[in-house]
Amino acid sequence: QVKFHGYDPESAIIRLRPREGESTLRTEDILDTIERERDSLALVFFPGVQYLSGQVLPMAAIAESASRHGIPVGFDLAHAVGNIEVFLHDWGVDFAVWCSYKYLNAGPGWDRVHWRDAFRS
């Protein structure tokens, strides 16, 4: 979508990586990046669970930080749904996507999208 809309993905997408010698993202690094880049962010989007490390991302804190600055926040929950509890409405998440064939064992063809009511309008 970034490239389709005429932007260079290398400069338009901020990719966070763990610090040198670490295998997971630190919460403070995520929140500091949102705070520092808040005026240029159109969207904050993270996985709920990072599939390589198994790290559960601090979704409530990410959603609160992004929402405080009026930035839509979404999560890819493909590796979270069925593994951890998620409280999308309580956390103020604007949207989330997931599938059921992985950890819900529901078979193919049962993908889902969550849209917060306020985000739709």
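Below: a short report on this structure. (Residues numbered from 1 in each chain as written. Predicted model: local features only at pLDDT ≥ 70, side-chain atom pairs only at ≥ 80, totals over all residues. Heavy atoms only, no water.)

Description of the pairing of strand β1 (residues 44-47)
Within a regular strand, side chains alternate between the sheet's two faces. Taking every second residue as pointing to the same face, the buried face of β1 carries Val-44 and Phe-46, while none of Phe-45 and Pro-47 on the other face is buried. In this structure, β1 lies alongside strand β2 (residues 73-76), joined through four bridges in parallel fashion. Along β2, the bridge assignment pairs Pro-47 with Asp-76. Following the chain from β1 across helix α3 (residues 59-68) to the adjacent parallel β2, one finds a crossover that is right-handed. (Buried < 20%, exposed > 50% of the residue type's maximum accessible area, 1.4 Å probe, protein only. Helix = DSSP H or I, 4+ residues; strand = E, 2+ residues; numbered from the N terminus. Pairing = 2+ DSSP bridges. Right-handed = clockwise from strand over helix to strand, strands pointing away.)

Some points on α3
The complete set of buried residues in α3 reads Met-59, Ile-62, Ala-63, Ser-65 and Ala-66. When α3 is viewed along its axis, its buried side chains cluster within an angular range of 165 degrees and face the same direction. Where α3 is buried, its residues touch α2 (27-37), β1, β2 and α4 (88-91). Gly-70 sits one or two positions beyond α3 and adopts a positive phi of about 70 degrees. (Arc of directions from axis to C-beta. Contact = heavy atoms within 4.5 Å.)

Things to note about the environment of Arg-116
For Arg-116, the position within the fold is in the loop between β4 (112-115) and α5 (117-120). Owing to a relative accessible area of 27%, Arg-116 belongs among the partly exposed residues under this scheme. Sequence separation between Arg-116 and Glu-28 is 88 residues; the distance between their C-alpha atoms is 26 Å. The contacts of Arg-116, once residues within four sequence positions are left out, are Gly-92, Val-93 and Asp-94.

Structural notes on α2
Restricting attention to buried positions, one finds in α2 the residues Ile-30, Thr-33 and Ile-34. The buried residues of α2 occupy an angular sector of 100 degrees when the element is viewed end-on, so they sit on one face. Looking at the buried residues of α2, the elements they touch are β1 and α3.

Some thoughts on the layout of surface pockets
Over the atoms a probe the size of a water molecule is rolled, and this reveals where empty space is left. Roughly 930 Å³ of volume is contained in the largest pocket. Ala-12, Ile-13, Ile-14, Leu-43 and Phe-45 are, among the 29 residues lining the largest pocket, the residues nearest its centre. Contributing elements (two or more residues each) for the lining of the largest pocket: α1 (9-12), α2 and β1. Ranked by the residues each element gives to the lining of the largest pocket, the list is headed by β1, at four residues. Its residues placed into classes, the lining of the largest pocket shows 18 nonpolar, nine polar and two charged. (1 Å grid on protein atoms, 1.4 Å probe; cavity = no way out; pocket = protein on both sides within 12 Å on 5 of 7 lines; lining within 4 Å. Points joined across faces, edges and corners; volume = space filled by probe spheres on them. Nonpolar A, V, L, I, M, F, W, Y, C, P; charged D, E, K, R; others polar.)

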